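These are the residues of each chain, in order.
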Amino acid sequence: MGTEHSKNKGRRSMVFLRKGPKLPAWEDALLSGREPKSLLKRGLRYVSLSLIMKGMTSTPDFLWGLPEVQKLNLSRNQLVTIPPSLGKLDRLVVLNLGGNCLKCLPKEIGLLRNLKVLFVNMNCLTEVPAELSLCRKLEVLSLSHNRVSQLPLSFTDLTSLRKLNLSNNRFVQIPLCIFALRSLDFLHLGSNRLENIAESIQYLVNLQIFIVENNNIRSLPRSLCCITTLELLNVDYNAIQTLPDDLYLLRRLRRIAWNPMDKGLHIAHNPLSRPLPEVVEGGLDVLFNYLREKKEHN
C-alpha cells in the first residue's frame with residue numbers, strides 16, 4: 001500500500017511539472033539556483049555578459065540589476081524593443097544589439113557616457129535617437145543593414161568616433177554631420193542610394209578606408225584627392241565614367257584591388273569612358289601616370 005501511495009504521489013508530481021510554464025531559454029541558466037551575477041564573466045579589464053542566441057523576444061528583468069556590466073552582448077535574438085532601463089547600465093563600454101528586430105533605440109541610450117563600441121547592425125531601425133550623440137566616448141558605431149536615411153545633426157558631437165558603418169541603408173546623400181567627424185579612419189556607405197560624394201569629404205583628413213560600393217555615384221569629387229591618408233577606396237558597382245586627374249595624389253593606394261578585403265583602389269563594374277578601362281587593366285601605376293600626364297597637358 002505504501003508503494004502504491006508513492007507511485008500515485010510520483011504521478012501527481014509529474015503532472016504538476018508538465019503543467020508548469022515553459023521558461024525562456026535564457027532563463028534556464030538560473031534554474032540551478034544561481035544568482036544573476038553568476039552569469040557575469042570577470043576578465044582582466046572588463047566585466048562581461050553574453051546572452052547571444054538565447055531566443056529572447058524581450059530583455060530579462062534581472063539584466064537591469066547588474067550595473068557593473070561593461071560588455072553586454074544581446075545579439076542574434078528576436079528583440080523588438082530595448083526598454084528605458086538600459087540607461088541604468090552606465091558603466092557599459094561595449095554594447096552589441098546586432099541581429100535583432102529593433103525598430104528604435106530608447107533615448108536613454110544617451111546615459112551610457114562610457115560607451116565606446118555600439119553594434120546595432122541587422123535590425124529594422126528607421127532613425128537614430130539624437131541622444132546617442134551624448135555618448136561622447138563612442139569610437140565604433142555600426143548601423144549597417146537597417147532602414148536609416150538620415151542622421152541627427154547632433155552627431156557632430158561624436159568627435160571621438162573612428163569607425164562608422166552605415167552600409168545597406170537608405171541614404172541618398174552622405175549626412176552633413178559626418179563631415180565634422182575628423183577622427184574617422186573608416187567609413188562604410190556601401191549599398192545605399194548615393195548619387196554623389198560632396199566636396200566636403202576633404203574634411204575627413206584621417207580617413208584610411210572609404211567604401212561606397214554599390215551605389216549610383218556618377219563621378220568622384222576632386223576634393224577626394226586631398227585625403228592622402230586613404231589606403232582603401234572602394235567605388236565598385238557604381239555609374240562612374242571619369243576619374244579626377246588628381247587621383248594620383250592618393251599614393252597610399254598601392255594597387256588596383258579586386259578582392260574586397262584588399263587595400264588599394266576598387267573600381268570594377270563602372271562604365272568608365274575609354275581609354276580608362278584599358279588603362280586600369282595595366283595597373284595602378286599606369287593609371288596614375290596617365291592621369292598625371294593628362295593633367296600636365298591640360
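Located above this text is the structure these notes cover.
This one's a predicted model, so the numbers in the text were calculated from it and none came from an experiment. Each chain carries its own residue numbering, running from 1 in the direction its sequence is written. At least 70 in pLDDT is required for a residue's local features to be given in this predicted model, at least 80 for side-chain atom pairs to be given and counted, and no such filter applies to totals for whole chains, interfaces and linings, which use all residues. Hydrogens and water are ignored here; the side-chain numbers use all heavy atoms of the structure.

**Observations regarding the sheet that holds strand β5 (residues 117-119)**
Here comes step 1: If you trace the eleven strands from one edge of the open sheet to the other, you get β1-β2-β3-β4-β5-β6-β7-β8-β9-β10-β11, paired in mixed fashion. Single-partner strands in this sheet number two, and they are β1 (41-42) and β11 (264-266). Pairing between strands is defined by DSSP: at least two bridges between them are needed. Strands here mean DSSP runs of E at least two residues long; helices mean DSSP runs of H or I at least four residues long; both are numbered from the N terminus.

**Details of the side chain of N146**
Here comes step 1: Position of N146 relative to the elements: it lies in the loop between β6 (140-142) and β7 (163-165).
Here comes step 2: By relative accessible area, which is 7% here, N146 ends up buried.
Here comes step 3: By the criterion applied in these results, polar contacts are pairs of N or O atoms within 3.5 Å in which, for protein atoms, one can donate a hydrogen and the other can accept it, and in which residues neighboring in sequence qualify only through two side-chain atoms. Among the polar contacts made by the side chain of N146, one reaches the main-chain amide nitrogen of N123 at a distance of 3.3 Å. Classification of residues uses two cut-offs on accessible area relative to the type maximum, computed with a 1.4 Å probe and protein chains only: under 20% is buried, over 50% is exposed, and between them is partly exposed.

**A look at the pairing of strand β2 (residues 47-50)**
Here comes step 1: Burial of β2 is one-sided: the residues V47 and L49 facing one way are buried, the residues S48 and S50 facing the other way are not.
Here comes step 2: For β1 and β2, the ladder comprises two bridges, and the chain directions are antiparallel. Following the sheet pairing, K41 is matched in β2 by S48.
Here comes step 3: Hairpin connection between β1 and β2: a loop of four residues separates the two successive antiparallel strands.
Here comes step 4: Bridge count between β2 and strand β3 (residues 71-73): three bridges; the pairing is parallel. Within β3, the position partnered with L49 by the bridge is L72.

**Brief notes about the nonpolar core**
Here comes step 1: We call a set of buried residues a nonpolar core when its members are Ala, Val, Leu, Ile, Met, Phe, Trp, Tyr or Cys and they connect through side-chain atoms within 4.5 Å of each other. The biggest cluster of nonpolar side chains holds 82 residues, and the ones touching the most others in it are L151, I178, F210 and L287.
Here comes step 2: At the level of elements, β2, α2 (276-281) and α3 (284-297) are the ones that each hand at least two residues to this core.
Here comes step 3: Ranked by residues supplied to this core, first place goes to α3 with four residues.
Here comes step 4: Two domains each put at least three residues into this core: domain 1 (35-129 + 140-152) and domain 2 (174-187 + 199-297).
Here comes step 5: Beyond its immediate stretch of four places on either side in the chain, L151 contacts V128, L143, L166, F171, P175, C177 and I178. As used throughout, domain bounds are those supplied by an automatic or database domain assignment. What makes two residues a contact is simply this: any of their non-hydrogen atoms within 4.5 Å.

**A few points about the pattern of salt bridges**
Here comes step 1: Basic side-chain nitrogens of Lys or Arg form a salt bridge, by our definition, when they fall within 4 Å of a carboxyl oxygen of Asp or Glu. This structure, assessed with the given rule, holds twelve salt bridges.
Here comes step 2: Note that K295 and D246 form a salt bridge whose closest N and O atoms lie 2.6 Å from each other. Taken as a pair, K295 in helix α3 and D246 in the loop between β10 (232-234) and β11 lie far apart in primary sequence, 49 residues in all.
Here comes step 3: Across the salt bridge formed by R274 and E278, the nearest N and O atoms sit 3.5 Å from each other.
Here comes step 4: If you follow the salt bridges from partner to partner, you end up with E139, R162, K163 and D185 in one network.

**Points about α3**
Here comes step 1: A helix is expected to span 1.5 Å for every residue after the first. With 14 residues, α3 extends 20 Å between its outermost C-alpha atoms, agreeing within 8% with the 20 Å of an ideal straight helix rising 1.5 Å per residue.
Here comes step 2: Restricting attention to buried positions, one finds in α3 the residues L284, L287, F288 and L291. For α3, the angular spread of buried residues about the axis comes to 95°, placing them on one side. Facing away from the buried surface of α3 by more than 90 degrees, the exposed residues are D285, E296 and H297. Arc, as used here, means the arc of the directions from the helix axis to the C-beta atoms.

**A short note on unusual backbone geometry**
Here comes step 1: In this model, R274 is joined to P275 through a cis peptide bond whose omega is 10°.
Here comes step 2: Along the chain, P275 falls in the loop between β11 and α2.
Here comes step 3: Backbone geometry at H145 places phi at a positive 55°, although glycine is not the residue there.
Here comes step 4: On the basis of relative accessibility, which here comes to 38%, the residue H145 falls in the partly exposed class.
Here comes step 5: Although it is not a glycine, H269 sits at a positive phi angle of roughly 60°.
Here comes step 6: Relative to the helices and strands, H269 resides in the loop between β11 and α2.

**Re a positive patch on the surface**
Here comes step 1: Residues forming no salt bridge and having over 30% relative accessible area are the ones grouped into patches, like charges within 9 Å of each other and nonpolar side chains (Val, Leu, Ile, Met, Phe, Trp, Tyr) within 5 Å. Computed by Shrake-Rupley with a 1.4 Å probe, the accessible areas treat only the displayed protein chains as cover when residues are assessed. Within this scheme the basic residues Lys and Arg register as positive and the acidic residues Asp and Glu register as negative, but His and the chain ends are omitted. Charge positions are represented by NZ for Lys, CZ for Arg, CG for Asp and CD for Glu. Where like charges cluster on the molecular surface, the positive patch consists of R45, K71, K116 and K137.
Here comes step 2: Within the secondary structure, K137 is located in the loop between β5 and β6.
Here comes step 3: Given the relative accessible area of 40%, K137 is considered partly exposed.

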